[in-house]
Amino acid sequence: MGSTVFRAADLAARFNLEVRGDVEASVSGVGTLAGAGPRQLAFLANPKYRSQLVATRAGVVVMREGDAEGFAGTALVARDPYAAFARIAALFEPLPVREPGMHPSAVVDATAHVAPNAHVGPFVSIGARSRVESGAMVGPGCVIGDDCVVGAGSELIARVTLVTRVVIGQRVRIHPGAVLGAAGFGLAMDAGRWLNVPQLGGVRVGDDCEIGANTTIDRGAIEDTVLEEDVRLDNQIQIGHNVHVGAHTAMAGCAAVAGSARIGRYCLIGGAAGVVGHLEICDRVVVTAMSLVTSSIREPGEYSSGTPLMDNRSWRKNAARFKQLDRIARRVGNAGQDHD
């Protein structure tokens, strides 16, 4: 991971941690408890991996105070080992150097503004009245349509498309293939044929958000589709038109949110979960993977739906029984009335 080397004492001072063991222990990279070597740093956050602590060869391990008791190696004690590990691991992440300036192959409309210290890569297109603010980075093949803003310090890594009326806040990172501001799915049936409803809104993305590869966020029909600050979206997520996602909410891959749904702050939406349109989810709700939210959620907590995995023979039997539930419920109800 390069030539960067840190002493345990330096890391403790930098991230307000406590060292137990050799303060001079040096690390030049990170690894897992099972795979790390003497010059690497590992972490223990999940108790199910505690058994690996005895045999680990890691030079330094980030862990909670309770796990550090009796540990023979060098420990960095943290209240939240995973968060501490994330901050330390960032020191070893090689980041590309992108010099300010515009590649000769970029095409920029005469009415657009690009800050002098922004980076615009090869084969980028920037439309009318759009702005690329100070320190922003627009990677190769990106398309920025009309009336868009890329905020200061934000990064469009590669092949990102901002169709129209997309406003990106500061320090936002958007991964390759993402499309923001495409037309929302608005249709009206007229005389037996579909009629497109004009999508006249835009997309607003708050500061410090991250949007995964091939994720799509549709622009609003009248008002904007909104992601508040520090929202984190994984790859291949669909956000429908006029959706509002509260600050610090995170969604795992392949989740889908239908139009005009409102999701609160600090929510976690599991992989391949779905949210039906025009409903509300309050703050601090966890929706587990593969669940379908079909009605509003008013109380914080963890919610699940769906049928758990089982062997095919059992599933077929239970599927057949499921079809009989209504008849059984009616029979039980009638029996209760007769008893009364």
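Residues numbered from 1 in each chain as written. Predicted model: local features only at pLDDT ≥ 70, side-chain atom pairs only at ≥ 80, totals over all residues. Heavy atoms only, no water.

K.L.:
Provide a residue-level description of unusual backbone geometry, including the pertinent values.
P.N.:
For Asn-16, which is not glycine, the phi dihedral falls at a positive 55°. Note on placement: Asn-16 falls in the loop between helix H1 (8–15) and strand S2 (18–20). Classification of Asn-16 as exposed rests on a relative accessible area of 72%. (Helix = DSSP H or I, 4+ residues; strand = E, 2+ residues; numbered from the N terminus. Buried < 20%, exposed > 50% of the residue type's maximum accessible area, 1.4 Å probe, protein only.)

K.L.:
Go over the side chain of Gln-199, please, and point to the residues and values.
P.N.:
Within the secondary structure, Gln-199 is located in the loop between strand S23 (193–196) and strand S24 (203–205). We classify Gln-199 as buried; its relative accessible area is 5%. Within the local environment of Gln-199, its side chain forms a polar contact with the side chain of His-241, the two groups lying 2.7 Å apart. When near neighbours in sequence (up to four residues on either side) are disregarded, Gln-199 contacts Arg-165, Ala-183, Gly-184, Phe-185, Gly-186, Arg-219, Gly-220, Ala-221 and His-241. (Polar contact = N/O pair within 3.5 Å; in protein donor to acceptor, adjacent residues only side chain to side chain. Contact = heavy atoms within 4.5 Å.)

K.L.:
Provide a residue-level description of the packing of aromatic side chains, including the pertinent values.
P.N.:
Overall, the coordinates contain three aromatic pairs when judged by the stated rule. Ring geometry for Phe-43 versus Tyr-82: centroids 5.4 Å apart, planes at 35°, classification tilted. A residue pair is termed long-range when its members are at least 10 positions apart, and Phe-43 in strand S5 (residues 40–43) and Tyr-82 in helix H3 (residues 81–89) qualify at 39 residues. For Tyr-82, a relative accessible area of 52% translates into the label exposed. An aromatic cluster of at least three residues, connected via ring pairs, comprises Phe-43, Tyr-82 and Phe-85. Positioned over the ring face of Tyr-266 is Arg-284, at 4.3 Å from the centre of the ring. (Phe/Tyr/Trp six-rings, centres within 6.5 Å; stacked < 30°, edge-to-face > 60°. Lys NZ or Arg CZ within 6 Å of the ring centre and 35° of its normal.)

K.L.:
Can you break down the side chain of Thr-249 residue by residue, with the values?
P.N.:
Checked against the element boundaries, Thr-249 lands in the loop between strand S30 (244–245) and strand S31 (250–251). You can call Thr-249 buried: its relative accessible area is 0%. Engagement of the side chain of Thr-249 in a polar contact is seen with the backbone oxygen of Gly-246, the distance being 3.4 Å.

K.L.:
Would you mind going over the nonpolar core in detail, with residue names and values included?
P.N.:
Judged by nonpolar contacts, the single largest core of 51 residues is most densely connected at Leu-162, Leu-180 and Met-251. At the level of secondary structure, the elements contributing two or more residues to this core comprise strand S19 (166–168), S24 and strand S37 (285–287). In this structure, Ala-8, Ala-12, Leu-17 and Ala-84 belong to the second largest nonpolar core, which totals 17 residues. (Core = buried A, V, L, I, M, F, W, Y, C linked by side-chain atoms within 4.5 Å.)

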